[in-house]
Amino acid sequence: MREMEMEVDVGSASEASPSSSLKKLGLKNAIQTNFGEDYVFQIASSQDIPALAVSLSTNAIKLYSSESGQYFGECKGHSGRIHEISFSAPASPHVLCSCSSDGTVRAWDTRSFKQVSMLRAGPSQEIFSFSFGGSNGNLLAAGSDSQVLFWDWRNGKQVACLEESHMDDVTHVQFIPGQQNKLISSSVDGLLCLFDTDGDINDDSNLSSVMNVETSVSKVGFFGNDNQKLWCLTHIETLSIWDWNEGRREANFEQARSLVSDQWNLNNVDYFVDCHYSSTEDRLWLIGGTSSGTLGYFPITQKCNGTTIGAAEAILEGGHMGVVRSILPANADQTSSNLGKSRGIFGWTGGEDGRLCCWLSGESDTLGGNPSWISSSLVMKPKKSKNKARHHPY
């Protein structure tokens, strides 16, 4: 198939986003989650309780207040690396779920920090991702070693195992928001598979389409009206944009790190942490980081003449001393969440330095620490005469 070519504009400071996107932001505080060389892998929040869950390289999950950072307690039981955590169990606001290389999906009561249920894959299997969905919301999908597994959450019974769609580790599974009977899976084999989970689930009847990213996929997410678009990050730090319903790739940034590194005057971007979509603004950002712990938010814009990555609109600097593994934004999309009730909080980050950092927006009167929304003179490259870096996909 033929994809649209992409242009990345390198403009002057006067061409930057409106001043509303260039605010002053500071580090509120940094919590040392552990001592030694322990990593923070992921941060998750609940829409119903004021809590942050933080998964660590010690195979434990620690709970903190999303308002004050106060430590609550920890959940211990996994014997392998924790790959994903989420407050997504059906009708259970106090339950946190996690999956691990030990081949289990576990549920924890965050009030007692005790394990309340456990689902186990086959012998010697790892579970890399999980998602709740299905027509009644009680279907649990999990990505494992070249398999997509399904359980009925109500009784813990495994209802399906798809083992012909992928040929390597299934890195990410996610039910499509608003269309909970449809599931996207990604894999080290470079494929994105779309499944319809209605009825009896099997490889022959439920695989709707396959999209070939052509390199190992690390993470995917949805954006746009009705979540019809899909962003895809890979293990070699490339980014692609898809229309999943039509199975069409709309943009492919094979040199994404170089492109975003050219959009600021700081160190080169070494890796991508995530993408963030704001439904209220209908905007998507690619979040890149440096080995020293600085983060940049780079806007992705889709137009009729191509898809562009713009200059950094936000920089988070001074909180971390190493690679950042997880970002949890607090924004207008999370007004129902206790995370967003703390006035002026921009979000939380966690990384390989073992730190959990809380960032404040310019709306707060209690800014302290290092400012992190940097002026346009630092963010933007010097003006070039209508110079465009043009990328031609293979």
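Here is what the cut-offs are and how they apply
Residues numbered from 1 in each chain as written. Predicted model: local features only at pLDDT ≥ 70, side-chain atom pairs only at ≥ 80, totals over all residues. Heavy atoms only, no water. Helix = DSSP H or I, 4+ residues; strand = E, 2+ residues; numbered from the N terminus. Buried < 20%, exposed > 50% of the residue type's maximum accessible area, 1.4 Å probe, protein only. Contact = heavy atoms within 4.5 Å. Areas by Shrake-Rupley, 256 points an atom, 1.4 Å probe, with all protein chains shown as cover. pLDDT = per-residue confidence, 0-100. Pairing = 2+ DSSP bridges. Axes fitted to C-alpha atoms, helices over the stretch in contact; angles between N-to-C directions. Salt bridge = Lys/Arg side-chain N within 4 Å of Asp/Glu carboxyl O. Phe/Tyr/Trp six-rings, centres within 6.5 Å; stacked < 30°, edge-to-face > 60°. Polar contact = N/O pair within 3.5 Å; in protein donor to acceptor, adjacent residues only side chain to side chain.

J.: Describe the overall build of the protein chain, with residues and values.
T.: If you tally the helices and strands in the protein chain, you get three helices and 31 strands. Residues counted as buried form 57% of the 394 residues belonging to the protein chain. The contacts of the protein chain with a sequence gap of at least 6 include a subset with a gap of at least 24, amounting to 51%. Just so you have it, the protein chain exposes about 16700 Å², and 44% of that area is on carbon and sulfur atoms.

J.: Can you tell me about the confidence of the model for the protein chain, naming the residues and giving the values?
T.: Here the protein chain averages 83 in pLDDT, while 80% of its residues score no lower than 70. Note on residues 332–342: pLDDT under 50 across the span, and 28 contacts to partners over four residues away in sequence or across chains. In this model residues 363–394 is a low-confidence stretch, pLDDT under 50, and it forms 100 contacts with partners more than four residues away in sequence or in other chains.

J.: Describe in detail the sheet that holds strand S13 (residues 148–152), supporting the description with residues and values.
T.: Strand order in the open sheet formed by four strands is S11-S12-S13-S14, and the pairing between neighbours is antiparallel. Either end of the sheet is taken by a strand with one partner, and the two such strands are strand S11 (129–133) and strand S14 (157–162). Between one strand axis and the next, the sheet turns by 20° as a mean value, whatever way the strands run. Inspection of the sheet shows S11 paired to strand S12 (residues 139–143) by five bridges, in the antiparallel sense. Following the sheet pairing, Gly133 is matched in S12 by Leu139.

J.: I'd like a description of the sheet that holds strand S15 (residues 170–176), backed by residues and values.
T.: If you trace the four strands from one edge of the open sheet to the other, you get S15-S16-S17-S18, paired in antiparallel fashion. Each end of this open sheet is capped by a strand with a single partner; those strands are S15 and strand S18 (207–212). On average, each strand axis in the sheet is tilted by 20° relative to the strand beside it, whichever way the strands run. Pairing between S15 and strand S16 (residues 179–187): six bridges, direction antiparallel. Counterpart to Phe175 in the pairing with S16 is Leu183.

J.: Give a detailed account of the pairing of S14, specifying residues and quantitative values.
T.: When S13 meets S14, the two strands line up antiparallel, connected through five bridges. Paired with Leu149 across the bridge in S14 is Cys161. The hairpin turn running from S13 into S14, its antiparallel successor, is four residues long, and Gly156 in that turn takes a positive phi close to 75°.

J.: Could you give me a rundown of the pattern of salt bridges, with the residues and numbers involved?
T.: Evaluation of the coordinates by the stated rule reveals 11 salt bridges. Across the salt bridge formed by Arg106 and Asp102, the nearest N and O atoms sit 3.3 Å from each other. A residue is classified by how much of its surface remains accessible, and Asp102, at 14% relative accessible area, is buried. Through salt bridges with shared partners, a single network forms among Lys229, Asp243, Glu246, Arg248 and Glu250.

J.: Tell me about the packing of aromatic side chains, residues and numbers included.
T.: By the definition in use, this model includes seven aromatic pairs. Judged by centre distance (6.2 Å) and plane angle (85°), the ring pair of Tyr39 and Phe41 falls under edge-to-face. Tyr39 sits in the partly exposed class, given a relative accessible area of 28%. Seen from their ring centres, Phe130 and Phe132 are 6.3 Å apart, and the 85° between their planes marks the pair as edge-to-face.

J.: Hey, could you go over unusual backbone geometry for me, with residue numbers and the actual values?
T.: Of note in the backbone geometry, Phe113 takes a positive phi value of approximately 65° without being a glycine. The residue Phe113 is located in the loop between strand S9 (104–109) and strand S10 (114–120) in this model. What makes Phe113 partly exposed here is its relative accessible area of 23%. Located in the positive-phi region is Asp282, a residue other than glycine, with phi close to 50°. Tracing the backbone through its elements, the reader meets Asp282 in the loop between strand S23 (271–278) and strand S24 (283–289).

J.: Break down the side chain of Thr104 for me, with residues and values.
T.: Mapped onto the secondary structure, Thr104 falls in strand S9. The exposure class of Thr104 is buried, given its relative accessible area of 0%. Side chain to side chain, Thr104 and Asp102 meet in a polar contact 2.6 Å long. Ignoring anything within four residues of it in the chain, the contact list for Thr104 reads His78, Ser98, Cys99, Met118, Leu119, Arg120 and Ile127.

J.: Describe in detail the side chain of Arg106, supporting the description with residues and values.
T.: Mapped onto the fold, Arg106 is located in strand S9. Within the structure, the side chain of Arg106 is placed 2.9 Å from the side chain of Thr104, a separation counted as a polar contact. One polar contact links Arg106 to Gln115, side chain to side chain, over a distance of 2.9 Å.

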